[in-house]
Structures are given as C-alpha cells and as structure tokens.
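Structural characterization, general
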Amino acid sequence: MDPRDPAPDSWELEEDAEAPAAAAGLQAAFAALNVNAKPFVPNVNAAVFVPGFLQGGAAETPVSDGASDPVASMDVAETIAPVENGGTEADMTTEEETWEQKEEPGGGGGGGGGGGGGEEEQEEAAPGTGSPCEEGAQRREDEQMMEEEEEEIPMPKVALAQPDAPKKEHVNVVFIGHVDAGKSTIGGQIMYLTGMVEKRTLEKYEREAKEKNRETWYLSWALDTNQEERDKGKTVEVGRAYFETEKKHFTILDAPGHKSFVPNMIGGASQADLAVLVISARKGEFETGFEKGGQTREHAMLAKTAGVKHLIVLVNKMDDPTVNWSLERYEECKEKLVPFLKKVGFNPKKDIHFMPCSGLTGANLKEPVLECPWYTGLPFIPHLDSLPNFTRFSDGPVRLPIVDKYKDMGTVILGKLESGSISKAQQLVMMPNRHTVEVLSLLSDDVETDDAAPGENLKLRLKGIEEEEILPGFILCNAENLCHSGRTFDAQIVIIEHKSIICPGYNAVLHIHTCIEEVQITALICLVDKKTGEKSKTRPRFVKQDQVCIARLRAAGTICLETFKDFPQMGRFTLRDEGKTIAIGKVLKLVPEKD
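Below is a short write-up of the structure. (Residues numbered from 1 in each chain as written. Predicted model: local features only at pLDDT ≥ 70, side-chain atom pairs only at ≥ 80, totals over all residues. Heavy atoms only, no water.)

This part covers the overall build of the protein chain. The helix and strand tally for the protein chain stands at 16 helices and 21 strands. Among the 595 residues that make up the protein chain, the fraction classed as buried is 48%. Considering only contacts in the protein chain between residues 6 or more positions apart, those separated by 24 or more positions represent 71%. Counting only carbon and sulfur atoms, one obtains 54% of the accessible surface of the protein chain, whose full area is about 29,100 Å². (Helix = DSSP H or I, 4+ residues; strand = E, 2+ residues; numbered from the N terminus. Buried < 20%, exposed > 50% of the residue type's maximum accessible area, 1.4 Å probe, protein only. Contact = heavy atoms within 4.5 Å. Areas by Shrake-Rupley, 256 points an atom, 1.4 Å probe, with all protein chains shown as cover.)

Written out as structure tokens, the structure reads:
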C-alpha cells in the first residue's frame, strides 16, 4: 500500500494549494513528485492521437462539446511545452491519469458516470473563468473523458463480433489416431496458422520445451495444458480450442490416442461432426498404429459409432527423413487403410478424404507445398472450409448431453447442443433426475451469446441445481419434450473383437453419447444375418466375434437414451471391456420398467 499513499495526498495538496503554488516548500515537494511521475510521461503523449479520435466522435457529440475539444487538445500541448511551476501541472495530470487507469478495470462504470457529470459542470464554468485552478481541473476532466473514450473503444469489438458469430456454421472437429501420431501438434499448428495462438506464446512454449529436451513438442502444448500431459507428451483429456475460417467456425476436440484413455476419446468423438484421423507416415509408426493392438483401427471405428459421417485422413510426418514426401509411402498407407475404413462403414468415395501434411512444419495445412507436386487437392484448412454444410434441426426438441461440469459462481456445464435451440433465461429440465433448471448465461466457444443453435459447443451457467447433482451423461431437455430414460432396452449389436463367446449375464461398460454406465446382457433375442438382414427364428445361446445379434441389455443405473430411429446421436453405443472395444450397436426399443 505504501506507494499508493502519496498520490491521494498530492491530489488534496494540489487542490488546496493551487493558489499559493509558488511557495518554496511546495515547489520542493512538487519537484519530488515530478521525479516520480517521469515513468508516466508516455501517457501524455498518448493524448496526441486523441484529437483524431475526437473528430470521429464529434459528429455524435453536441456542439458545446465540440467547442471545448480543441481547447482540450491545445491545453495538452501547452502543458508539455512550458515548464510552469516546475512542470507540476502536467505531472499532476499524468499522475491523475494513471490512477484513473488503475481504478478503471475495477469500477470503470462508476468512474465513467462521475467523469461525465464533472465535465458538464466544468463546461458551464469554463467560458467565464480562466484561472489556472479551473484550467487544471478542466484539463484533467478532459483527459479523463479521453481516457473514458479510449477505454471504451475495444468493447464494441466483442459486441460487433457477436451478431456475426451465429451466421458462421459451427463445426466440431475431433482429432483421432494412434498415440504420438501428431494430433495435438497439428491442432496447435492450426491454431497458430489461424491466429488463435500468438507467436510470443509459442516462443515461450518452445523455450520451455527446449529446457526439457522436447523441442518438437512445443506446438502440442497449445492444447495439452496440464503439467502431466506436457511432461509425458501424451494427451489425457480431450483438449478444446477453436478457430475460424471465412465461412465456418470450428471447434477442435483433441482426443487422446493412448489406449488407457479411450473412454475420454469416446466422449470427444460423441460431440464431433467431422473426424480427422491422423496417421504417421514414418516407417514403423504407421504399422504399429494400424496393427491389431493399435489405436488407428479402434479410433476410426469408435468415431463411426459415435456418429461421425465424414472422415479426413491426414497422413502426417511426411517431412520425416524416412519418408521425404514420397508418393509410394503415401499410397502404401492409403491402400492399407481404405479396406479397413470401408469395413467400419465409411464410403471411400464420399466419406473419406486423404491428404499428406506435416504438423511440425505446418506444410499443407494452410498453404500448398512445393515438395509435394503430386498432391493436387486443397490444403487442410481450405478443404475444411469448402465442405458442404451439415443438416441440423433447430426446431426439434432440446437435447444437450453433458460432457463435463464444474463450479464457477454457480453450476457450469459443458456439452454440444445436438438439437433444438437454447436461449438465455430459458427453463429446462435435467434428465434423468427431472430437476428444473434455468439458464443464467450461455457461452459458445467462450463468447457470450443470448441463444444457441444446434451443433454449437456450449458452456451453460445453470440456476436451481447443485454441481454435485449432475453427472456427465445427463441430458438437458425442454419440459414439453423430455428425453426417454430407463434401464432396460433392446439393441442390435455387432461383436467386433472378443476372444471367447458372449452369453446372457455378460457384463461390459456401455458408452452412449456422453454417458458411461455398466450394463449386463440379460438375454439374446436373435441373430441377424449380416448379408440378408434376416433374423433367426430360435434364440441363440451365445454369440461370438463378427456376429450380429439383437439382445436385451440392462444398465446398472437409470440412463438417458433414445431409439436410433428417433434420434441417432443418442441411440448409438459401444460396449467395452478390459480396455478393448467389444461391440458396437444401436438402440432399437426401450423397455418400460416393471414396478
């Protein structure tokens, strides 16, 4: 507090002692002040570009205001030139100004009102009197007003961006692929190329990464924010960031590649419209990612199950010395992947797009590459921009599966709005607990809005519910059209990978939209022929790998779900056990509970 004390005293001194200002004792005090005020001199210069600014504002301000403006600017010029009273006048104003600034962030509004009122009073007095006291005060007021105006300038930028924001289509992109394929690095590079991360920040990351002998990791630090992820170089939680192109607004969901964190990856993929499968072209890395235990296969399949329709395959690390932008290696990766992706359910002609790139150098992400003449398509970001729009139902029922929640001046939840639209102060119902909640504020990618359309990644601040009462997987609905909840349902499942047979009584973990719950297969109803779709007449006693069956499942607790026919995003699921994905399926029918 010590440095702050002298200034208020000096203000009082200035006001009381402005008349006998020539007193020797005072002059000495002012001289001391003068030295202290030196660092603030640039502020006086800041007034130089105020006049141009005021001319812009002059059209809106009344005439009297315009008349006093030239005086203000001249006064500023005067205070700099002559050194009356040991230059105290100018120094006092600068002192005043800096205090204004210090107080501005906290209580700018209150100060603004006071400043405005002050100037009007001064204006009435100004024409009649010309005493230095009046003039000093006038000048201070004027500068205060300029301060006010200057401070207010950046504000409209946010406000102006707001109406434009909803016009751009929101697209959620999830980056998936084997561990160390370069997902976070590509995400960081895209954010840098689109201007979402400053160069200075990246330089800081680069320095820190170099100290840890990990200089190639610095780009991924833009998305891997916590210490554990940075130390190990592995993403654990789904990183979020966003960037904009000319036509669209993208949210990056950076999913973890490590097999221990696949449940987190499923949560990320369930929010995505578009998946980017990152594979490493480096010799040996592609092979390990693609073999039986690798995550390239599992992630592609999980993305398809989570409802991602379009897949972009980025063949990364093309600048590696073992690859050196070779077309042969690129084609080799492509040939191995296409049959598998086809088997998962992507149409190679329509749904899949391959492109080479390098995440570390940023080659072929925004600009085409000279070393790669054989690739003629668009680079990655322009390609994203040129994709056709997604169909969304804004008039449907509100459905917002919750991904995460935390406390911050109330209860805040995160999730992607799957259908319907939400606006501020709207009453919604949290299923399956049937809590009525009110939306206090809406943030779409950290920008506050009044309403949100489907497909947007939202943060909602809710009233009427405690953070402890919410679990990921709960769903926000509108009261008129609640989503279904229950414990028992019939589903068609495809067994993808399981060593032995699966019989009734088998337990696994169910991942449906953002919900994770333990389920038991209580009965197998029939087998379905893969080619003809015919159902067997008799009940099977077991199912094994690569078979399709219809089974009745019962969850350990009540979960929210819809049939696949009514609402695909909430009717698809995966079954996992022992860290492997065992089956994928879709909900056919909800079975009402017997009381």
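Moving on to the pattern of salt bridges. This structure, assessed with the given rule, holds 22 salt bridges. The salt bridge partner of E228 is K232, with a shortest N-O separation of 4.0 Å. Of this pair, E228 and K232 both sit in helix α11 (residues 227-232), separated by four residues, roughly a single helical turn. Of the charged contacts, one joins K336 and E332 as a salt bridge, the two residues approaching to 3.7 Å between their closest N and O atoms. Placement of the pair is K336 and E332 together in helix α15 (residues 327-344), with a separation of four residues, close to one helical turn. A residue is classified by how much of its surface remains accessible, and E332, at 31% relative accessible area, is partly exposed. (Salt bridge = Lys/Arg side-chain N within 4 Å of Asp/Glu carboxyl O.)

Pairing in this closed barrel of six strands is antiparallel, and the strands run β16-β19-β18-β17-β20-β21 around the ring. Across the sheet, the axes of successive neighbouring strands diverge by a mean angle of 45 degrees, strand direction being ignored. Helix α12 (residues 262-269) rests against β17 (507-512), β18 (515-528) and β20 (572-577) of the sheet, and its axis sits at about 175 degrees to β20. Each of β20 and β21 (580-591) is contacted by helix α14 (residues 295-305), which is oriented at about 145 degrees to β20, the strand it contacts most. (Pairing = 2+ DSSP bridges. Axes fitted to C-alpha atoms, helices over the stretch in contact; angles between N-to-C directions.)

Helix length check: α15, at 18 residues, gives a terminal C-alpha distance of 26 Å against a target of 26 Å (1.5 Å per residue), a fit within 8%. The largest bend in α15 is about 25 degrees, located at L337, with the proline P339 one to four residues further on. When we look at burial in α15, the residues that qualify are R329, Y330, C333, L337, F340, L341 and V344. Among the structural elements, β4 (274-280), α13 (285-290), α14, β5 (310-316) and β6 (352-356) are those in contact with the buried residues of α15. Positive backbone phi, approximately 130 degrees, marks G345, located one or two places after α15. (Expected span 1.5 Å × (residues − 1). Bend = angle between axes of the 7 residues up to and from the residue.)

Overall, mixed pairing links the six strands, which are arranged β2-β3-β1-β4-β5-β6 in an open sheet. Edge strands, defined here as strands with exactly one partner in the open sheet, are β2 (239-244) and β6. Neighbour to neighbour, the strand axes of the sheet diverge by 25 degrees on average, direction disregarded. Of the strand pairs in this sheet, strand β1 (residues 169-176) and strand β3 (residues 248-254) are connected by seven bridges, and their pairing is parallel. Of the residues in β3, the one forming a bridge with H170 is H249. Helix-sheet contacts for helix α9 (residues 183-193) involve β1, β2, β3, β4 and β5, and the interaxial angle to β3 is about 150 degrees.

Before going further, it helps to examine the environment of I475. In this structure, I475 sits in strand β15 (residues 475-477). Taking relative accessible area as the criterion, I475 reaches 0% and is therefore assigned buried. Remark: the alpha-carbon pair of I475 and N433, spanning 42 residues in sequence, is separated by 9.5 Å. Non-local contacts of I475, meaning those with residues more than four positions away in its chain, are made with R399, L400, P401, V429, M430, M431, C483, H513, C560 and M570.

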